Amino acid sequence: MDKENIGQKFSKAFRALGRWFAFFGEHFIKGDILTKLSFCILGLSNIIRGQIIKGLLFLGIEAAYIFYMVNTGIHSLGGLKDLGSRKQGMVMDDKLGIFVMQKGDNSMLILLYGVVAMSITIAFIIFYRTALRSALSVQKVKERGGRPAGFLEEIKACFDKDLHKTLMALPVTGILLFTVLPLFFMILIAFTNYDHDHQPPGNLFTWVGLLNFKTILFSGKTISHTFWLILGWTFVWAVFATGLNYLFGILLALLINRKETKAKGLWRTLFVISIAVPQFVSLLVVRTMLNNSGAVNALLHQLGLLAPGKYLPFLSDPTWARITVIIVNLWVGIPYTMLITTGILSNIPSDLYESAKVDGAKPVTIFFKITMPYVLFVTTPYLITQFIGNFNNFNVIYFLTGGGPDSLSYYQAGKTDLLVTWLYKLTTGQMKDYSFASTIGILVFIISAIFSLTTYRRTASYNREEDFQ
């Protein structure tokens, strides 16, 4: 993504935003007296011009929004200013002459209610815009001498020409309520000091701006030191986990698809079994086997390969543990690549191979000149998603090592922790640092988004899509 494209996209976005708000001015100028009054009394233009039920719905929703804002919304939005000021604690009751418990503010609830009020306000603005469009639309129908559509006719249209809107309404609402809204709330946490020293209602938290980002990235404290080390290991893990799974998956698919290989279906089934078994079950079994006193070390003792009292530290030594998680990940990752590559290999035109053989090309040359470019061309998007998936791979690390072995030089993290597992520990450990966890989540998103977009836009799969015919 070059600078020109970025500039064009920002320019286009600002123009679209300007048009969105210019809508209100244009509709006010074009509207007659009823449409202009609809800016204050939603639905008035519809009610007077025959769309009584629709107009009453607009008016009812406007009334409900005003009622909510007067009773709760304005107070909720006002609370966002400082996220509460009254702490919970013992205070002297002058009337009783004793100390009594004073109920304090709850910064988290104040933030949550504020986010809800903001969301309702944004939703109402969108609805307000829709109502004004409807007011001008019914005005134009009347000016042309037509009859505005009745309520039942508009309901029928929702299952005919507007069916796509009807079908999308429920999923979009679910995404907004259960994905966007909680995500927005968690993003705001990153700009507060909601950590182990500020747990409401006893200790309130408040806004700190970009201080958490500065602390994690540039402070030089233990948490900053931990972040950079874990980020480096996360990249190393993602590169090896993705690259090795991809390479061995392709080689396995080629091996099984050879003409000389017998019982191809049986071989594929054997490897697919590892997908059928729940991943956490496989990982917990392997974890038990690789413990210092697990089955593998016990077997080595019985074979005389290890002296009594000695063991191989598969999961207890930092270097061993990192190598172990990469190798174990091959067991659960290779079958996926094998299945995908098998389908691609069967679609490579056979005349390409025959022409290469006629020209005297060797198997190695055919692999690097025909097979690998073709597979890479098709699977590049898959490869990028796998890299991002491994960058945020929670299961393998959590179930296999739990992020360990732990280190005193790390801030609530172990030597095999990835950013995503460290983030989890920051929210569930004894010292709950939600603000740092949220900050790390934002940084992970930024890294993943930049890598995905820049990489994908530079690939042949994106730039030469027409070549794959």
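Scroll up to find the structure this text is about.
Model, not experiment: these values are computed from the prediction.

(A) Molecular detail of the overall build of the protein. Summing up its helical and strand segments, the protein has 19 helices and two strands in all. Radius of gyration (C-alpha) of the protein: 31 Å, far over the 23 Å computed for a compact globule of 469 residues. Counting only C-alpha atoms and orienting by the principal axes, one finds that the protein spans roughly 90 × 80 × 40 Å. Taking all 469 residues of the protein together, 36% fall into the buried category. Considering only contacts in the protein between residues 6 or more positions apart, those separated by 24 or more positions represent 64%.

(B) Spotlight on helix α4 (residues 52-79). Given a rise of 1.5 Å per residue, 28 residues ought to cover 40 Å, and the 38 Å separating the end C-alpha atoms of α4 matches this to within 8%. Of all bends in α4, the biggest is about 60°, found at Met69. Residues of α4 that are buried include every one of Lys54, Gly55, Phe58, Glu62, Tyr65, Tyr68, Met69, Gly73, Ser76 and Gly79, and no others. For α4, the elements touching its buried residues are α3 (44-48), α5 (107-143) and α6 (151-158).

(C) Spotlight on a nonpolar patch on the surface. A cluster of nonpolar side chains, contributed by Ile52, Ile53, Leu56, Leu57, Phe151, Leu152, Ile155, Phe159, Leu163 and Leu167, occupies part of the molecular surface with about 970 Å² of accessible area. Of all elements in the fold, only α4, α6 and α7 (163-189) reach the threshold of two or more residues within the nonpolar patch. Here the element with the most residues in the nonpolar patch is α4; it accounts for four residues. Checked against the element boundaries, Phe151 lands in helix α6.

(D) Examining the environment of Thr234 more closely. Note on placement: Thr234 falls in helix α9 (residues 222-257). Along the chain, Thr234 and Ile223 lie 11 residues apart, while their C-alpha atoms are 16 Å from each other. Leave out the neighbours within four places in its chain, and Thr234 touches Phe391, Leu418 and Leu419. Separated by 3.3 Å, the side chain of Thr234 and the backbone nitrogen of Leu419 make a polar contact.

(E) Layout of the pattern of salt bridges. Taken as a whole, this structure holds five salt bridges when the rule is applied. Arg147 serves as the salt-bridge partner of Glu153, at 3.0 Å between the closest nitrogen and oxygen. Residue classification places Arg147 among the exposed residues on the basis of a relative accessible area of 60%. For Glu260, the salt bridge is made with Arg258, and the minimal N-O distance between the two is 3.5 Å. Among the residues examined, Glu260 registers a relative accessible area of 54% and is labelled exposed. Judged by relative accessible area, Arg258 falls into the partly exposed class, the value being 39%.

(F) A look at a positive patch on the surface. A contiguous patch of positive charge on the surface is contributed by Lys9, Lys12, Arg15 and Arg19. Looking at where Lys9 falls in the secondary structure, it is placed in helix α1 (residues 3-30). Judged by relative accessible area, which is 45%, Lys9 ranks as partly exposed.

(G) Region of interest: the packing of aromatic side chains. In total, this model carries 25 aromatic pairs according to the counting rule given. Taken together, a centroid distance of 5.4 Å and an interplanar angle of 80° make the contact between Tyr398 and Tyr424 edge-to-face. Here Tyr424 lies in helix α17 (residues 419-428) and Tyr398 lies in helix α16 (residues 395-400), a separation of 26 residues in the sequence. For Tyr424, a relative accessible area of 32% corresponds to the partly exposed category. Taken together, Trp20, Phe21, Phe23, Phe24, Phe28, Phe39, Phe58, Tyr65, Phe124, Phe127 and Tyr128 form an aromatic cluster joined through their ring pairs. Note that Lys36 overlies the ring of Phe28, its terminal NZ or CZ placed 5.3 Å from the centroid. Against the face of Trp233 rests Arg322, its NZ or CZ located 4.9 Å from the ring centre.

(H) The arrangement of the packing of α17 against helix α18 (residues 434-457) in detail. Put simply, α17 and α18 touch, their axes get as near as 8 Å, and they point 160° apart. If you check the angle between α17 and α18, you find them roughly antiparallel. Here α17 and α18 pass one another in a crossing that is left-handed. Mapping the contact onto sequence places Leu419, Trp422, Leu423, Leu426 and Thr427 in α17 and Tyr434, Phe436, Ala437, Ile440, Gly441 and Val444 in α18.

(I) Summary view of the environment of Thr179. Considering the arrangement of structural elements, one finds Thr179 in helix α7. Using a relative accessible area of 43% as the deciding quantity, one classes Thr179 as partly exposed.

(J) How the structure looks around unusual backbone geometry. Note the cis peptide between Gly404 and Pro405, where omega equals 5°. The topology assignment puts Pro405 in the loop between α16 and α17. A positive phi angle, close to 50°, is found at Ala263, a residue other than glycine. Within the secondary structure, Ala263 sits in the loop between α9 and α10 (264-276).

(K) Representation of the pairing of strand β2 (residues 98-102). In terms of strand pairing, strand β1 (residues 89-93) meets β2 through five bridges, oriented antiparallel. When the bridges of β2 are listed, Gly89 appears paired with Gln102. As consecutive antiparallel partners, β1 and β2 are separated by four residues, and within that stretch Gly97 has a phi angle of approximately 75°, a positive value.

(L) How the structure looks around the nonpolar core. Counting residues in hydrophobic clusters, the biggest one holds 40 residues, and the most contacted among them are Phe227, Trp237, Leu419 and Trp422. Residue contributions to this core peak at eight residues, all from α9. Apart from residues no more than four positions distant in its own chain, Trp422 is found in contact with Ile223, Thr226, Phe227, Ile230, Tyr411, Gln412, Ala413, Asp417 and Ile440. Of all hydrophobic cores here, the second largest spans 19 residues; its members include Ile250, Met338, Ile366 and Phe367.

The rules we used
Residues numbered from 1 in each chain as written. Predicted model: local features only at pLDDT ≥ 70, side-chain atom pairs only at ≥ 80, totals over all residues. Heavy atoms only, no water. Helix = DSSP H or I, 4+ residues; strand = E, 2+ residues; numbered from the N terminus. Rg over C-alpha atoms; globule rule 2.2 N^0.38 Å. Buried < 20%, exposed > 50% of the residue type's maximum accessible area, 1.4 Å probe, protein only. Contact = heavy atoms within 4.5 Å. Expected span 1.5 Å × (residues − 1). Bend = angle between axes of the 7 residues up to and from the residue. Patch = residues over 30% accessible without salt bridge, like charges linked within 9 Å, V, L, I, M, F, W, Y side chains within 5 Å. Areas by Shrake-Rupley, 256 points an atom, 1.4 Å probe, with all protein chains shown as cover. Salt bridge = Lys/Arg side-chain N within 4 Å of Asp/Glu carboxyl O. Polar contact = N/O pair within 3.5 Å; in protein donor to acceptor, adjacent residues only side chain to side chain. Lys, Arg positive; Asp, Glu negative; His and termini not counted. Charge placed at Lys NZ, Arg CZ, Asp CG, Glu CD. Phe/Tyr/Trp six-rings, centres within 6.5 Å; stacked < 30°, edge-to-face > 60°. Lys NZ or Arg CZ within 6 Å of the ring centre and 35° of its normal. Axes fitted to C-alpha atoms, helices over the stretch in contact; angles between N-to-C directions. Parallel < 35°, antiparallel > 145°, perpendicular 65-115°, else oblique. Left-handed = near helix turned anticlockwise from the far one by under 90°. Pairing = 2+ DSSP bridges. Core = buried A, V, L, I, M, F, W, Y, C linked by side-chain atoms within 4.5 Å.

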